[in-house]
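Summary of structural features
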Amino acid sequence: MYKNLAATLVAACFFVSAAQAQISAPTPKPSTEPIKAGFVYVSPITEAGWTKQHDEGRKAVERALGQQVKTTWVADVPEGADAERVIRDLAQQGHQIIFTPSFGYMEPTLKVAKEFPNVKFESVTGFKTAPNVAASNARYYEGRYLAGIAAGRMTKSNVAGYVAGFPIPEVLQGINAFTLGMRSVNPQATVKVVWLNAWFDPPKEREAAMALFNQDVDVIAFHTGSTAVMAAAQERGKMAVAYHSDMRQIGPDAQIIAVTHQWGDYYTARVRAVLSGSWTTGSVWGGIRDGMIRVGEFGPKVPKAVQDEILAQQKAVGSGQLLPFAGPITDNEGKLVLPAGQSLSDAQILNMNYLVQGVQGRVSR
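Notes on the structure follow. (Residues numbered from 1 in each chain as written. Predicted model: local features only at pLDDT ≥ 70, side-chain atom pairs only at ≥ 80, totals over all residues. Heavy atoms only, no water.)

Things to note about the overall build of the chain
A count of helical and extended segments in the chain gives 10 helices and 15 strands. Since a compact globule built from 365 residues should have a radius of gyration of about 21 Å, the 20 Å found for the chain is in line with a globular shape. By its C-alpha atoms, the chain is 60 × 45 × 40 Å across when sized along the principal axes. The buried share among the 365 residues of the chain stands at 57%. The long-range fraction of contacts in the chain, counting pairs at least 24 apart against all pairs at least 6 apart in sequence, stands at 69%. When the accessible surface of the chain is split by element, carbon and sulfur atoms take 50% of a total near 14600 Å². Each charge class in the chain can be summarised by its mean position, and for the 35 positive and 31 negative side chains these summaries are 3 Å apart. (Helix = DSSP H or I, 4+ residues; strand = E, 2+ residues; numbered from the N terminus. Rg over C-alpha atoms; globule rule 2.2 N^0.38 Å. Buried < 20%, exposed > 50% of the residue type's maximum accessible area, 1.4 Å probe, protein only. Contact = heavy atoms within 4.5 Å. Areas by Shrake-Rupley, 256 points an atom, 1.4 Å probe, with all protein chains shown as cover. Lys, Arg positive; Asp, Glu negative; His and termini not counted. Charge placed at Lys NZ, Arg CZ, Asp CG, Glu CD.)

Below, the structure written as structure tokens:
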């Protein structure tokens, strides 16, 4: 997860697709000892959410590689000095590859990596690399656009809510893609945003959701780390878009769709590369095409026709036929951002610092 707006202003050349990132290398001598892979998590492992999905990725590594790998995880590690200490501890304990999935872990990871040049590090949502540090992230906005279509089809009030962590590009991408998707099928729809300035704060997440439900919102999305918004929607009889994980256990009636993150294949490929000696640094920005983002897990309220529509659109996004950020795009202050017939470049998406027309709210700068 991101924590710093200025640090995210990066050029698109840092990123390639997950498919493009598989760099061939001379056939090495395979290791006979299990690879020790460490994982550092920014929040507790709950029943669903950001950290849950990364831990599912860790479990996928274990299933795929069996006795060839031994994994270790440390959860609820604050970004900053604590993260540096934990990452260093894992390196000192002999872990050959360490995954650090939170943006605030990027600088601590780079610092520790200098001390342990033979250890491989995976900075997930970071953008800086080093000879032994790779970076990766996912195109979450692709799933957000599709979820917006679902919200646009399902809303009765034409008002959606969005509980957001920090006003940084990744979150703005999600809000804007959701709004554009919603208005592509429901031009009258609007989206109300509440900023929390926190990634994981269940009481604040719940409070924000309840406040939005009191403002005619009947469907809600969120970019936070817990299941509190989904639980609030279930309690109030409203609809919600699950994020990170399928949350039907928490909101069996509330959930209309889930935007899920799939880390297992990427994590397994990276550990396997260390095992074979073919690991290389690089940057990955993968999406639906690469299997890193997926929508589905529809709730019982969603008609089959709507489900079929969204699944068809998911295929279109994966093939490149549907671009969530295609013009015309106007910001919510009336300024034309992109004319018709064009689409935002990766660099423009990565540097996004505005809200699109239809969003009620401001970006604090």
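Still more ground to cover, so stick around.
Some points on the pattern of salt bridges
Tallied over the full model, the rule gives 18 salt bridges. Where E333 meets R362, a salt bridge forms, and the shortest distance between an N and an O atom there is 3.8 Å. One end of the pair, E333, is in the loop between β13 (329–330) and β14 (336–338); the other, R362, is in the segment after β15 (359–360), with 29 residues separating them in the sequence. Beyond isolated ion pairs, a larger network of salt bridges with shared partners links E84, R88, K111 and E115. (Salt bridge = Lys/Arg side-chain N within 4 Å of Asp/Glu carboxyl O.)

Points about unusual backbone geometry
Each neighbour pair has its own omega, and for G327 with P328 the value is 5°, a cis peptide bond. Locating P328 in the fold gives a position in the loop between α9 (304–319) and β13. Within the chain, N158 stands out as a residue other than glycine whose phi angle is a positive 65°. Assignment of secondary structure puts N158 in the loop between α4 (140–154) and β6 (159–164). In the Ramachandran plot, D216 falls in the positive-phi region, its phi being about 75° despite a non-glycine side chain. Relative to the helices and strands, D216 resides in the loop between α6 (202–213) and β8 (219–223). Accessibility expressed as a relative area gives 58% for D216, which makes it exposed.

Description of the sheet that holds strand β4 (residues 120–124)
Here we have six strands laid out as an open sheet, ordered β2-β1-β3-β4-β5-β11, and parallel in their pairing. Each of the sheet's edge strands pairs with one partner strand only, and the pair in question is β2 (69–74) and β11 (283–286). Looking at each pair of strands side by side, their axes are set apart by 15° on average, direction ignored. Two elements, β4 and strand β5 (residues 133–138), share four bridges in a ladder whose sense is parallel. Note that in β5 the partner of F121 across the bridge is V133. Across the sheet, helix α1 (residues 50–65) lies against β1 (35–40), β2 and β4, angled at about 165° from β2, the strand it touches most. Helix-sheet contacts for helix α2 (residues 81–92) involve β1, β2, β3 (97–100) and β4, and the interaxial angle to β1 is about 170°. (Pairing = 2+ DSSP bridges. Axes fitted to C-alpha atoms, helices over the stretch in contact; angles between N-to-C directions.)

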